[in-house]
Amino acid sequence: MTGERRRRVWRRAVIVWALVVVVAGGLTLWAQDSTEPQGPYVRERTDPDEPELPPCPVPEVGEGACMYVTRN
């Protein structure tokens, strides 16, 4: 193989490699965007009419503090 022909082969190999990288990157971005849910993204609001809790009784000496547990 002559020097000119060898350079031409390497040049074509680099061009093919660059095209493969660009196409693979584009496909990656396209696939990543297609798996995400469509916007707009909003938060769900909780029920504004939450029940009011009864007042906490005054703790006596030696008793623990008042605590309520609610489930959402």
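Description of the structure in this document. Since the structure is predicted, the reported quantities are computational estimates derived from the model, not experimental observations.

What follows is about the overall build of the protein. Within the protein, the regular secondary structure consists of 1 helix and 0 strands. Burial statistics for the protein: of 72 residues in total, 0% are counted as buried. For the protein, the accessible area works out to roughly 7800 Å², and carbon and sulfur atoms hold 60% of it.

All right, on to a positive patch on the surface then. Judged by side-chain charge, Arg5, Arg8, Arg11 and Arg12 come together as a positively charged surface patch. Checked against the element boundaries, Arg12 lands in helix 1 (residues 3–35).

One side chain can pair with another of opposite charge once the charged atoms of both are near each other. All chains considered together, the criterion is met by 1 salt bridge. The shortest N-O distance in the salt bridge between Arg7 and Glu4 comes to 3.3 Å. Here Glu4 and Arg7 lie together in helix 1, a separation of 3 residues that amounts to about one turn. Taking relative accessible area as the criterion, Arg7 reaches 51% and is therefore assigned exposed.

The grouping of Val23, Leu27 and Trp30 at the surface amounts to a nonpolar patch, some 360 Å² of accessible area in total. Secondary-structure assignment places Leu27 in helix 1.

Conventions we followed
- Residues numbered from 1 in each chain as written.
- Predicted model: local features only at pLDDT ≥ 70, side-chain atom pairs only at ≥ 80, totals over all residues.
- Heavy atoms only, no water.
- Helix = DSSP H or I, 4+ residues; strand = E, 2+ residues; numbered from the N terminus.
- Buried < 20%, exposed > 50% of the residue type's maximum accessible area, 1.4 Å probe, protein only.
- Areas by Shrake-Rupley, 256 points an atom, 1.4 Å probe, with all protein chains shown as cover.
- Patch = residues over 30% accessible without salt bridge, like charges linked within 9 Å, V, L, I, M, F, W, Y side chains within 5 Å.
- Salt bridge = Lys/Arg side-chain N within 4 Å of Asp/Glu carboxyl O.
- Lys, Arg positive; Asp, Glu negative; His and termini not counted.
- Charge placed at Lys NZ, Arg CZ, Asp CG, Glu CD.

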